[in-house]
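Descriptive analysis of the structure
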Amino acid sequence: MKRILIVDDKVENLYLLQSLLQGNSFSVVTAEHGAEALELARKQPPDLIVTDILMPVMDGFTLCREWRKDPLLTSIPFAFYTATYTDAKDEEFALKLGADRFITKPSEPQVILSVIQSLLENPRSATAVHDATGEHDINYLKEYNEVLIRKLEDKAEDLERKNAELRAIDIMKDNLLMNVTHELRTPLIVVRGYAELMKSERSGPVTEQQKKQCGSILENADQLLHMVDNLIFMSESSARRKSIRKVEDFSIGEVLATACDCVTTKALERNLTIDCDPAAIIVHGDRNEVLQAIFNLIDNAVKFTPKGGRISVHAVSSTDAVRVIVEDTGIGIAPEQQQRIFERFFQVDTSTTRQAGGLGLGLSIVREIAQRHAGRIELTSEPGKGSVFTLVLPALESPRP
Ligand code: ADP
């Protein structure tokens, strides 16, 4: 039984070739790179070698050169089987090094088998081999470098093409997300509108219990709307997000009250007390974005404060800044996590059994909204005791972004 040494760094390629050869009554030895192949062959020379080119430790070209220099191996037929080096120049170089055949991947099993058969039936003579390897080292290195550089250039082009494809797919994904979230927003606004209409009795009298039920619909719709708004914010391209959309003077107190209203029922269910101080302070910026940021902070305070806890939401102004402070007596955040929680999708608890819902987007959006208003977000927290998030916005008189 003829013994064939096959060399490839990809186990799945080795497996395929090995199965084909063993199924055709050859005995097979495998190696994962040139150096290993040389070592095995010197211990027990095979009847033929089939090798890949691009491999770690020692590539196929170097292996071929060493093979042809070694008197023990030089007359053993040598075939390349490659998917990467497919240029006519690569083949020319391979044959110059002393390879007998150059097969490109993938090839039909019949082609591989017939090449192997013909090489085994017509082994080369050691003398002919000597002639083929009689090249000067400098020439060899020059050509070898040229082949490698050509391959690197191909790879760089390939990577650039793949990057462009990935960027296009990324834009498509963002567009899809943006379309889906906008489509979700419209019916939610309708649901919210009717619930509000019924609760206010403008469409006819309702019982106290029905009013409560409408309140619950409103609150849940608001929660969903905030989640959808977070997704819309994230899906918008960074170019479009660079500047604030709508700039106006607005009352921060009204924004705090609106944000607190959205979590009233949720807080009641958890027996949490919310102290909301609707301070009469005017801020300059995009009201909806500031509301989104403050809602994200209050919603987190509710989510991460155990039953019976206390949440305080208030604003203070100084000459240069307005500070919105959201304080809770919740689980707190370990010092090593305090920077990371502002990263997109980062959540301290990623287990599937975690109680708090959420997408891990809220705080990254808070930080971005703060920065777009030339402000910042600050955090002090102690595990087991609670957290204080402070959204700092420039005061009305201070220079505008
Ligand atoms: P989400 O709340 O959707 O998980 P966020 O970006 O708003 O995403 O918050 C990221 C993580 O920061 C949360 O998952 C939580 O681990 C932690 N976190 C945020 N706010 C608080 C808080 N008030 N108390 C304790 N942990 C918090």
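Below is a short write-up of the structure.

Digging into the pattern of salt bridges
- Taken as a whole and assessed by the stated rule, the structure comprises 25 salt bridges.
- Among the salt bridges present, the one from Arg 42 reaches Asp 70, with a minimum N-O distance of 2.7 Å. Within this pair, whereas Arg 42 is found in helix H2 (residues 34-43), its partner Asp 70 is found in the loop between helix H3 (60-69) and strand S4 (78-82), the two being separated by 28 residues in sequence.
- Between Arg 340 and Glu 343 there is a salt bridge, with its nearest N and O atoms 3.1 Å apart.
- On the basis of relative accessibility, which here comes to 33%, the residue Glu 343 falls in the partly exposed class.
- Because the salt bridges share partners, they merge into one network encompassing Asp 90, Arg 150, Lys 151 and Asp 154.

What about the sheet that holds strand S2 (residues 27-31)?
- Reading across the sheet, the 5 strands line up as S2-S1-S3-S4-S5 and stay open at both edges, with parallel pairing between neighbours. Unpaired on one side and paired on the other, S2 and strand S5 (101-104) mark the two borders of the sheet. Pairwise comparison of adjacent strand axes, ignoring direction, gives a mean angle of 20° for this sheet.
- Looking at chain direction, strand S1 (residues 3-7) and strand S3 (residues 48-51) are connected through 4 bridges and run parallel.

Thoughts on the sheet that holds strand S7 (residues 273-276)
- Taken in spatial order, the 5 strands of this open sheet run S7-S9-S10-S12-S11, and their pairing is mixed. Edge positions in the sheet fall to S7 and strand S11 (376-382), since each of these pairs with one other strand and no more. The sheet shows a mean angle of 10° between the axes of neighbouring strands, direction not considered.
- In the sheet, strand S10 (residues 321-328) pairs with strand S12 (residues 386-394) via 8 bridges, with the strands oriented antiparallel. Across the sheet, Ile 325 pairs through a bridge with Thr 390, a residue of S12.

Some points on the site of the ligand
- Taken together, 19 residues sit near the ligand, with Asn 300, Lys 303, Gln 347, Gly 360 and Leu 363 positioned nearest.
- Note that an oxygen atom of the ligand is positioned 3.0 Å from one of the backbone N or O atoms of Leu 359.
- When the free accessible area of the ligand is taken as 530 Å², the share hidden by the protein chains comes to 96%.

Overview of the environment of Val 11
- Structurally, the position occupied by Val 11 is in helix H1 (residues 11-22).
- In this structure the C-alpha to C-alpha distance between Val 11 and Lys 212, which are 201 residues apart in sequence, comes to 65 Å.

As for the nonpolar core
- Counting 46 residues, the largest nonpolar core has Ile 252, Ile 294, Leu 297, Ile 298, Ile 341, Phe 389 and Leu 391 as the members making the most contacts within it.
- Among the elements that line this core, the one with the most residues is helix H12 (residues 287-303), at 9 residues.
- In contact with Leu 391, other than residues within four places in its own chain, are Ala 293, Ile 294, Leu 297, Val 322, Arg 323, Val 324, Ala 370, Arg 376 and Ile 377.
- Counting residues in hydrophobic clusters, the runner-up holds 28 residues, among them Val 7, Phe 78, Phe 93 and Phe 102.

Regarding unusual backbone geometry
- With an omega of -15°, the peptide bond running from Lys 105 to Pro 106 counts as cis.
- Counting through the fold element by element, Pro 106 comes out in the loop between S5 and helix H5 (109-121).
- Of note, Val 57 is a non-glycine position whose phi angle comes to about 65°, a positive value.
- Despite not being glycine, Ala 374 has its phi angle at roughly 60°, a positive value.
- Within the secondary structure, Ala 374 sits in the loop between helix H13 (362-372) and S11.

Quick notes on the rules
Residues numbered from 1 in each chain as written. Predicted model: local features only at pLDDT ≥ 70, side-chain atom pairs only at ≥ 80, totals over all residues. Heavy atoms only, no water. Salt bridge = Lys/Arg side-chain N within 4 Å of Asp/Glu carboxyl O. Helix = DSSP H or I, 4+ residues; strand = E, 2+ residues; numbered from the N terminus. Buried < 20%, exposed > 50% of the residue type's maximum accessible area, 1.4 Å probe, protein only. Pairing = 2+ DSSP bridges. Axes fitted to C-alpha atoms, helices over the stretch in contact; angles between N-to-C directions. Near = heavy atom within 4 Å. Polar contact = N/O pair within 3.5 Å; in protein donor to acceptor, adjacent residues only side chain to side chain. Areas by Shrake-Rupley, 256 points an atom, 1.4 Å probe, with all protein chains shown as cover. Core = buried A, V, L, I, M, F, W, Y, C linked by side-chain atoms within 4.5 Å. Contact = heavy atoms within 4.5 Å.

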